[in-house]
Amino acid sequence: MPMYVGTLSFDLLLGDVRSLKQKRSVVRPIVAELQRKYGVSVAEVGDQDLYRRARIGLCAVSGEAGHLADLLDRCERMVADRPEVELLSVRRRFHGDEDE
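Please read all numbers here as calculations on a predicted model, not as lab measurements.

Caption draft 1: Summary view of helix α2 (residues 65-80). Relative to the 22 Å expected for 16 residues at 1.5 Å per residue, α2 spans 22 Å between its end C-alpha atoms, a close match to the ideal helical length. Along its buried surface, α2 packs onto β1 (4-14), α1 (20-38), β3 (53-62) and β4 (85-96).

Caption draft 2: Local environment of the nonpolar core. Grouped together as the largest cluster of nonpolar side chains are 25 residues, with contacts concentrated most on L34, V40 and L58. Among the elements of the structure, β1, α1, β3 and α2 are those that each provide at least two residues to this core. Excluding anything up to four places from it in sequence, L58 contacts G6, T7, L8, F10, L34, V40, S41, V42, L72 and C75.

Caption draft 3: Structural context of the pattern of salt bridges. Using the criterion set out here, one finds 9 salt bridges in the structure. Residue D16 is joined to R18 by a salt bridge in which the shortest nitrogen-to-oxygen separation is 2.6 Å. Here D16 matches R18 in class, with each residue exposed. With its nearest N and O atoms 3.0 Å apart, the salt bridge here joins R92 to E76.

Caption draft 4: Local environment of the packing of α1 against α2. At their nearest, the axes of α1 and α2 sit 11 Å apart, and the two run at 150 degrees to each other. As far as their axial angle goes, α2 and α1 are roughly antiparallel. Seen along the crossing, α1 lies across α2 with a hand that is right-handed. Of α2, the residues touching α1 (which contributes I30, E33, L34 and Y38) are L71, R74, C75, M78 and V79. In the contact of α1 with α2, the residues fall into 7 nonpolar, no polar and 2 charged.

Caption draft 5: Molecular detail of the packing of aromatic side chains. Tallied over the full model, the rule gives 1 aromatic pair. Taking the centre distance of 6.0 Å and the plane angle of 35 degrees together, the rings of Y4 and F94 count as tilted. With Y4 in strand β1 and F94 in strand β4, the pair connects residues that are 90 residues apart, well separated along the chain. In this structure Y4 comes out as buried when scored by relative accessible area, which is 16%.

Each value, and the rule that gives it
- Residues numbered from 1 in each chain as written.
- Predicted model: local features only at pLDDT ≥ 70, side-chain atom pairs only at ≥ 80, totals over all residues.
- Heavy atoms only, no water.
- Helix = DSSP H or I, 4+ residues; strand = E, 2+ residues; numbered from the N terminus.
- Expected span 1.5 Å × (residues − 1).
- Contact = heavy atoms within 4.5 Å.
- Core = buried A, V, L, I, M, F, W, Y, C linked by side-chain atoms within 4.5 Å.
- Buried < 20%, exposed > 50% of the residue type's maximum accessible area, 1.4 Å probe, protein only.
- Salt bridge = Lys/Arg side-chain N within 4 Å of Asp/Glu carboxyl O.
- Axes fitted to C-alpha atoms, helices over the stretch in contact; angles between N-to-C directions.
- Parallel < 35°, antiparallel > 145°, perpendicular 65-115°, else oblique.
- Left-handed = near helix turned anticlockwise from the far one by under 90°.
- Nonpolar A, V, L, I, M, F, W, Y, C, P; charged D, E, K, R; others polar.
- Phe/Tyr/Trp six-rings, centres within 6.5 Å; stacked < 30°, edge-to-face > 60°.

Here you go:
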């Protein structure tokens, strides 16, 4: 059975945030919703010392390429639709068994 791994890396600009504490109050709910709603592995992976920027990494695994692509699309849309952040860029990677 094939295995597919997909990753997303989100580069976010946060809105009216003036401290790292405020940043956490914006980033944590996004991370938690992605985990809860889509069952993906997700964490803040960069720019922890910058209070108006955030980098969030996400990973998902599936036995079907189409299902994985759809899941990544839904995760990307959810983040892009959040009014408290501006999605500056998304880097998507897709790996299959044949990528060795």
